[in-house]
Amino acid sequence: MPEDGEWNTVREFLIDTLPRMSVTRIDEMLDEGVVVDMQGPVTSTSPYVPGDAVWFHRDLPVESVVPFDISIVHRDDAILVIDKPHFLPTIPRGGHILQTALVRLRLELDLPDLIPAHRLDRVTAGLVLFVVDPALRGAYQTLFQDRKVNKVYEAIAPNDPTLQFPLMVSSRIVKEKFDFAAREVDGEPNAETRIELIDQHRDLGRYRLHPRTGRTHQLRLHMNSLGIPILGDDLYPQPTERPVDDFTAPLQLLASTLEFTDPLSGAVRRFDSRRTLERWH
């Protein structure tokens with residue numbers, strides 16, 4: 001609770017700072033004794049104390065079941081590699097809690113300490129590496145933070161015969177905290193992607209994407225900047241109003257390959273997705 005707060009009670013503070021939670025629900029939680037501070041349950045008349053803290057577990061949102069299975073590509077005592085389906089978030093965020101890869105895997109595989117080494121967007125399918133042993137989290141997460149993992153993606157997008165591939169796209173990408181979409185702005189580039197056209201059929205192309213950096217929505221923005229937005233993209237070039245429970249027409253983007261030198265054994269390890277993009281059949 002802020003040092004400069006002037007609320008009379010904790011209740012008043014919660015009402016003002018939790019606009020998405022109704023006053024009725026806040027009062028119910030206070031009556032149930034589930035809002036606590038260091039001394040125990042907080043009541044509706046507990047005074048506001050600047051600099052103190054209160055805790056509670058937020059209510060779980062009502063979630064639509066994502067009707068797709070998670071495929072296991074590899075599992076050992078150190079890591080778990082999965083083939084994530086489209087529409088399933090990697091970790092809990094916003095209105096997605098139980099219907100996330102992390103929570104589903106923890107429950108289904110009885111691995112309560114499982115943690116992802118990196119993340120994929122909810123709408124992107126493909127490979128995600130999780131760490132099974134908590135003592136090894138840093139070793140594997142550092143691989144991704146230090147860009148020591150070779151990540152390859154596939155995408156289906158329009159075919160533009162005027163573009164000459166392979167080509168390198170670089171730009172400066174920024175993402176504001178409360179905006180769904182990222183954007184490219186002027187300035188020193190912080191995102192770089194190598195793009196190859198590996199097949200074409202009529203007006204569509206099949207592309208292999210090699211991100212050299214890992215900015216938010218980088219691949220989607222770079223394909224859009226070339227005038228060939230990835231099929232099924234609900235943000236670029238224009239946002240749509242697709243309902244969260246609409247599982248049709250997925251984004252045609254797949255994290256197809258992960259390759260790295262294992263920090264424990266020193267061996268080169270490569271994992272390939274078994275999924276395919278439905279628009280290329």
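Everything below is about the structure printed above this text.
Residues numbered from 1 in each chain as written. Predicted model: local features only at pLDDT ≥ 70, side-chain atom pairs only at ≥ 80, totals over all residues. Heavy atoms only, no water.

Caption draft 1: Expanded view of the overall build of the chain. Assigned secondary structure in the chain consists of five helices and 13 strands. Counting only C-alpha atoms and orienting by the principal axes, one finds that the chain spans roughly 70 × 45 × 40 Å. The burial tally for the chain puts 43% of its 281 residues in the buried class. Across the chain, the 32 positively charged side chains and the 43 negatively charged ones have centroids separated by 7 Å. (Helix = DSSP H or I, 4+ residues; strand = E, 2+ residues; numbered from the N terminus. Buried < 20%, exposed > 50% of the residue type's maximum accessible area, 1.4 Å probe, protein only. Lys, Arg positive; Asp, Glu negative; His and termini not counted. Charge placed at Lys NZ, Arg CZ, Asp CG, Glu CD.)

Caption draft 2: Representation of the packing of aromatic side chains. The tally for this structure, following the rule as stated, stands at eight aromatic pairs. Between F68 and F87 the ring centres are 6.4 Å apart and the planes differ by 25°, which places this aromatic pair in the stacked class. With F68 in the loop between β2 (40-41) and β3 (71-75) and F87 in the loop between β4 (79-84) and α3 (101-109), this residue pair connects regions lying 19 residues apart in the sequence. Members of the aromatic cluster, each reached through a chain of ring pairs, are W7, F13 and Y48. (Phe/Tyr/Trp six-rings, centres within 6.5 Å; stacked < 30°, edge-to-face > 60°.)

Caption draft 3: The environment of V128, seen in detail. Relative to the elements of secondary structure, V128 occurs in strand β6 (residues 125-131). What makes V128 buried here is its relative accessible area of 0%. For V128 and R11, which are 117 residues apart along the polypeptide, the C-alpha to C-alpha distance reads 42 Å. In this structure V128 touches L80, V81, I82, K84, T90, H118 and L120, once residues within four positions along its chain are discounted. (Contact = heavy atoms within 4.5 Å.)

Caption draft 4: Structural context of the pairing of β3. Inspection of the sheet shows β3 paired to β4 by four bridges, in the antiparallel sense. Of the residues in β4, the one forming a bridge with R75 is L80. Between β3 and β4, which pair antiparallel one after the other, the connecting turn spans three residues. (Pairing = 2+ DSSP bridges.)

Caption draft 5: Quick look at the nonpolar core. Formed by 35 residues in total, the largest nonpolar core has its most connected members in F130, I195 and L209. Looking at this core, the elements that each hand over two or more residues are β4, α3, β6, β7 (150-158), β8 (167-174), β11 (204-211), α5 (218-225) and β12 (253-261). Within the second largest apolar cluster, 17 residues are counted, among which are V73, A117, L127 and L143. (Core = buried A, V, L, I, M, F, W, Y, C linked by side-chain atoms within 4.5 Å.)

Caption draft 6: Representation of the environment of Q164. The residue Q164 is located in the loop between β7 and β8 in this model. Here Q164 falls in the exposed class, since its relative accessible area comes to 61%. Along the backbone, Q164 and S64 are 100 residues apart, and their C-alpha atoms lie at a distance of 42 Å.

Caption draft 7: A look at the packing of helix α1 (residues 10-17) against helix α2 (residues 23-32). In contact at an axis separation of 10 Å, α1 and α2 are set at 145° when each is read in the N-to-C sense. The way α1 lies across α2 gives a crossing that is right-handed. In this structure, α1 contributes R11, L14 and I15 to the contact, and α2 contributes V23, I26, D27 and L30. Among the residues making up the contact of α1 with α2, the classes are represented as five nonpolar, no polar and two charged. (Axes fitted to C-alpha atoms, helices over the stretch in contact; angles between N-to-C directions. Left-handed = near helix turned anticlockwise from the far one by under 90°. Nonpolar A, V, L, I, M, F, W, Y, C, P; charged D, E, K, R; others polar.)

Caption draft 8: Structural context of α1. Within α1, burial applies to V10, F13 and L14. Down the axis of α1, the buried set is contained in an arc of 95°. They therefore lie on one face. Where α1 is buried, its residues touch α2. (Arc of directions from axis to C-beta.)

Caption draft 9: View of the pairing of strand β10 (residues 191-201). When β8 meets β10, the two strands line up antiparallel, connected through five bridges. The partner of V169 across the bridge, within β10, is T193. One ladder, built from eight bridges, connects β10 with β11; its direction is antiparallel. Opposite T193, over in β11, you have P211 as the bridge partner. In this structure, the hairpin formed by β10 and β11 is closed by a connection of two residues, where R202 is found at a positive phi of approximately 55°.

Caption draft 10: Structural view of α3. Those residues of α3 not exposed but buried are A101, L102, V103, R104 and L105. Buried residues belonging to α3 abut β3, β4, β5 (115-116) and β6. Taken from the residues just after α3, D110 is the one with a positive phi, measuring 55°.

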